[in-house]
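# Remarks on the overall topology
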Amino acid sequence: MAIWFITGASTGFGRILAEIVLEKGDTAIATARRPELLSDLSAKYPAERLLILKLDVSKPQEIIDAFAAAKEKFGRIDVVANNAGQGTFGEVEAVADADVRAMFETNFWGAANVSREAVKFFREVNPAGEGGRLLQISSITGLRGHGALAYYSASKFALEGFSEGLANEIDPAWNIKITIVEPGGFDTPGLRKTTWAPAHVAYSNKELPGNVLRGIWEQYHPKGDARKGMEVVYKLAALEQPPLHFPLGKDAIGVVRSKTQSLLEDTEKYEPWNEGLERSG
């Protein structure tokens, strides 16, 4: 049975994934900024199957302490699911710098620091060569930016680039596998936790993305079933050779195909402009 370390486990994808892990007979290290929200799980599962830890991923020392506690309790970790995140939406001219920086502290820096500790743990604590699995819960907006979500998209784009670079630089002998999961629209409580900046006065056109999204947000319920999505993620972690990128949901697949086609079309159309750009001599 595998031992999972899950960030952002109090609600949304993280909570559902923790429940699946425990139901399957695995062990969960469930971390959250508000661990009291997981008290019902601690009442249901014994301490040898569930460790609940307070962890704000924007605080590097808390990350180090959480991995140390996991080592002391279980002596190993097989899967780390980097799920903690937050969203502040609005036009680029509308969102306050402080809100953007706070979002990056969680979505990028928090995830990056967890990843660093995970790789070190897989290599130095787990038995030699057994490695581990690192799941980066990104977003389809980390592959294609969307109006009124530019800063959120940027935080996920940063995570994508970081994860690709990390996957490329680690020694294959360590047997550490990284997969970037890019969910499309899934109905989770996390959607209601996002915050919106007040609309910028210049963006009065009702058809602009920010105004459209603000108008539907409270009633927005994506078709994706979060439980089914996390069942797929659970299965993904068991693959011997998992993919680096995993778009999750049919809408995510559509975005990947659309962006790939557009990128290739533009590249091929303007390829002749790149002739003769080499230095002479």
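Residues numbered from 1 in each chain as written. Predicted model: local features only at pLDDT ≥ 70, side-chain atom pairs only at ≥ 80, totals over all residues. Heavy atoms only, no water.

By the naming in an unreviewed UniProt entry, the chain is NAD(P)-binding protein, taken from Dichomitus squalens. The Sequence similarities (unreviewed entry) field of the UniProt record for the chain holds the comment "Belongs to the short-chain dehydrogenases/reductases (SDR) family." (UniProt positions renumbered as here; feature names shortened; annotations may be inferred.)

This part covers the pattern of salt bridges. Counted by the stated rule, this structure contains 11 salt bridges. Put simply, Asp40 and Arg15 hold a salt bridge, and the shortest N to O gap is 2.4 Å. Residue Asp40 is found in helix α2 (residues 39–44), and its partner Arg15 is found in helix α1 (residues 12–23); the two are separated by 25 residues along the sequence. Between Lys54 and Glu62 there is a salt bridge, with its nearest N and O atoms 3.8 Å apart. Overlapping salt bridges, with partners in common, bring together Glu23, Lys24, Arg227 and Glu231 in one network. (Salt bridge = Lys/Arg side-chain N within 4 Å of Asp/Glu carboxyl O. Helix = DSSP H or I, 4+ residues; strand = E, 2+ residues; numbered from the N terminus.)

With that settled, consider the nonpolar core. If you look at the biggest cluster of nonpolar residues, it comprises 30 residues, and the most contacted ones within it are Trp4, Ile6, Leu17, Val21, Leu50 and Met230. In terms of residue count, α1 provides more of this core than any other element does, 7 residues in total. Here Leu17 is in contact with Trp4, Ile6, Ala81 and Met230, once residues within four sequence places are set aside. Ala66, Phe67, Val80 and Phe122 belong to the second largest nonpolar core, which has 25 residues in total. (Core = buried A, V, L, I, M, F, W, Y, C linked by side-chain atoms within 4.5 Å. Buried < 20%, exposed > 50% of the residue type's maximum accessible area, 1.4 Å probe, protein only. Contact = heavy atoms within 4.5 Å.)

Turning next to the sheet that holds strand β7 (residues 176–183). A sheet is described by the order of its strands in space; here 7 strands give the open sequence β3-β2-β1-β4-β6-β7-β11, paired in parallel fashion. Each having just a single partner strand, β3 (50–54) and β11 (245–248) make up the two edges of the open sheet. Sheet twist, expressed as the average angle between the axes of neighbouring strands with direction ignored, equals 15°. Across 6 bridges, strand β6 (residues 132–137) lies against β7 in parallel orientation. Residue pairing in the sheet places Gln136 in a bridge with Ile180 of β7. Running at roughly 160° to β11, helix α8 (residues 226–236) makes contact with β1 (3–6), β6, β7 and β11 of the sheet. (Pairing = 2+ DSSP bridges. Axes fitted to C-alpha atoms, helices over the stretch in contact; angles between N-to-C directions.)

Let us look at the packing of helix α4 (residues 97–124) against helix α5 (residues 150–169). Viewed as axis vectors pointing N to C, α4 and α5 meet at an angle of 15°, and their least axial separation amounts to 9 Å. With respect to α5, the element α4 is oriented roughly parallel. When the axes of α4 and α5 are compared, the crossing they make is right-handed. Within the contact between the two elements, α4 uses Val100, Met103, Phe104, Asn107, Phe108, Ala111, Ala112, Ser115 and Val119 and α5 uses Tyr151, Tyr152, Ala154, Ser155, Lys156, Ala158, Leu159, Phe162 and Leu166. Of the residues in the contact of α4 with α5, the class split is 14 nonpolar, 3 polar and 1 charged. (Parallel < 35°, antiparallel > 145°, perpendicular 65-115°, else oblique. Left-handed = near helix turned anticlockwise from the far one by under 90°. Nonpolar A, V, L, I, M, F, W, Y, C, P; charged D, E, K, R; others polar.)

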